[in-house]
Amino acid sequence: MRAVVVAHTWIAHELGHLGDWLGARGSAVQRLDRESLPTPESLDGADLLVLMGSPWSVALPADADVVESQRRERDLVARALSDGTPLLGICYGAQLLASCVGGEVRRLDVTERGWLDVDAVDPVPTGPWMVWHEDEFTVPPAVEVLASSPRCTLAFRTGTAWGVQFHPEVDEPVLRRMAEGLGAAPDVVAEMTSGARLHDAGHRQAAHHLLDAFWSDVRA
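Residues numbered from 1 in each chain as written. Predicted model: local features only at pLDDT ≥ 70, side-chain atom pairs only at ≥ 80, totals over all residues. Heavy atoms only, no water.

What follows is about the pattern of salt bridges. Side chains carrying opposite charge are able to pair once their charged atoms draw close together. Within this structure, the stated rule accounts for 14 salt bridges. One salt bridge in this structure joins Glu-180 and Arg-176, with 3.8 Å as the shortest N-O distance. Here Arg-176 and Glu-180 lie together in helix H4 (residues 172-181), a separation of 4 residues that amounts to about one turn. What you see here is one network of salt bridges that share partners, running through Glu-68, Arg-71, Arg-72 and Asp-75. (Salt bridge = Lys/Arg side-chain N within 4 Å of Asp/Glu carboxyl O. Helix = DSSP H or I, 4+ residues; strand = E, 2+ residues; numbered from the N terminus.)

This paragraph deals with the pairing of strand S3 (residues 48-51). Where burial is concerned, the two faces of S3 agree: the one with Leu-48 and Val-50 and the one with Leu-49 and Leu-51 are both buried. Bridging between strand S1 (residues 2-8) and S3 involves 4 bridges; their strand directions are parallel. Within S3, the position partnered with Val-6 by the bridge is Leu-51. Both S3 and strand S4 (residues 87-90) contribute to a ladder of 3 bridges, which runs parallel. Considered in S4, the bridge of Leu-49 is made with Leu-87. (Buried < 20%, exposed > 50% of the residue type's maximum accessible area, 1.4 Å probe, protein only. Pairing = 2+ DSSP bridges.)

Moving on: the packing of aromatic side chains. Going through the model one piece at a time under the given rule, you end up with 6 aromatic pairs. Aromatic side chains Trp-56 and Tyr-92 sit 6.1 Å apart centroid to centroid with 85 degrees between the ring planes, which places their arrangement in the edge-to-face category. Here Trp-56, found in the loop between S3 and helix H2 (64-83), pairs with Tyr-92, found in helix H3 (residues 92-100); they are 36 residues apart in sequence, far enough to count as distant. The same class applies to Trp-56 as to Tyr-92, namely buried. For the ring pair Trp-162 and Phe-214, a centre distance of 5.7 Å and an interplane angle of 70 degrees mean the geometry is edge-to-face. A residue pair is termed long-range when its members are at least 10 positions apart, and Trp-162 in strand S10 (residues 161-164) and Phe-214 in helix H6 (residues 200-218) qualify at 52 residues. According to the relative accessible area criterion, Trp-162 is buried, its value standing at 0%. (Phe/Tyr/Trp six-rings, centres within 6.5 Å; stacked < 30°, edge-to-face > 60°.)

With that settled, the discussion passes to the environment of His-13. Mapped onto the secondary structure, His-13 falls in the loop between S1 and helix H1 (16-24). Put simply, His-13 and Arg-31 are 18 residues apart on the chain and 7.8 Å apart in space, counted from C-alpha to C-alpha. The residues touching His-13, leaving out its near neighbours within four places in the chain, are Ala-7, Arg-31, Asp-33 and Arg-177. (Contact = heavy atoms within 4.5 Å.)

Attention now moves to the packing of H4 against helix H5 (residues 186-198). Orientation of H4 relative to H5, taken along the N-to-C sense of each, is 165 degrees, at an axis distance of 9 Å. Here H5 runs roughly antiparallel to H4, going by the angle between their axes. Handedness of the crossing formed by H4 with H5: right-handed. Contacts between H4 and H5 involve Glu-172, Leu-175, Arg-176, Ala-179 and Glu-180 from the first element and Val-189, Met-192, Thr-193, Ala-196 and Arg-197 from the second. (Axes fitted to C-alpha atoms, helices over the stretch in contact; angles between N-to-C directions. Parallel < 35°, antiparallel > 145°, perpendicular 65-115°, else oblique. Left-handed = near helix turned anticlockwise from the far one by under 90°.)

This part covers the nonpolar core. Grouped together as the largest cluster of nonpolar side chains are 32 residues, with contacts concentrated most on Leu-18, Leu-48, Ile-90, Trp-162 and Phe-166. Here the element with the most residues in this core is H6; it accounts for 8 residues. Non-local contacts of Leu-18, meaning those with residues more than four positions away in its chain, are made with Val-50, Met-52, Ile-90, Glu-169 and Leu-211. (Core = buried A, V, L, I, M, F, W, Y, C linked by side-chain atoms within 4.5 Å.)

This part is about unusual backbone geometry. Pro-123 follows Asp-122 through a cis peptide bond whose omega is 15 degrees. Relative to the helices and strands, Pro-123 is located in the loop between strand S6 (119-120) and strand S7 (129-137). Notably, Cys-91 is not glycine yet its phi reads approximately 55 degrees, a positive angle. Relative to the helices and strands, Cys-91 resides in the loop between S4 and H3. Under the relative-accessibility criterion, Cys-91 is labelled buried at 5%.

Laid out in C-alpha cells, this is it:
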C-alpha cells in the first residue's frame, strides 16, 4: 500500500494515530509539502491520498505561494476523484475537498476548539474528537453528511472520498506540536494536551474505528 500524504507545513508532518494505522498496514508513506508541491502525477501508483490540516485558509485570500499550492492541490483532488483513488481530507484538507465538490468554505465568527462529542451517523463514532478550526464548510445536497456539531458540518463522504473537520490523527505529542506551532498561548497548549491525555484511550479507539470504516467504505 502506498499512501501520498500532503502535509502542507511541518506542523502536520507527525501523523499520530493515522501513522499507526498506516504502519499496521505496511504502508509506504510519501509526504508532500510546500517545498514539494503536489501534481496529479503524484498519485501515479498510489492507493490512498491524505490531505492534512494546515494554518492556511480556503476561505481567505493568501500569499501567492499558498494560492499556487492550493491550485495544485485542487488538481490533485480532481485526479483522485476522477480515478476513484481513496481520499481522506482532515480539517483544512476536508475544507479543500468540500470546495472541490461544490461546497462553500467560510469563516466562523469564533474559533471552534476543544474536545467534542458530535452528532454522527454509522459508521462514524461520536467521539470525543479534537476540533480546532476557524473555517466551516457546507456540502451540496448530493453529498452525505456523516457528522456535525451545533455549529457546523464535521464529516462527509462522496464517492471514494471522505472529509473530516476534526482531527482523528492527534495524540498528545502531535497536539502539543500543533498547538505550539500555531503559536497558542501556554494555557491553551496545556488545556489541549491535558485533554489529549484524558481522552487518549477512547480517542485512539475512535480514530482507528473511523479509519477502518473509511477504508472499508472506499474499497467496497
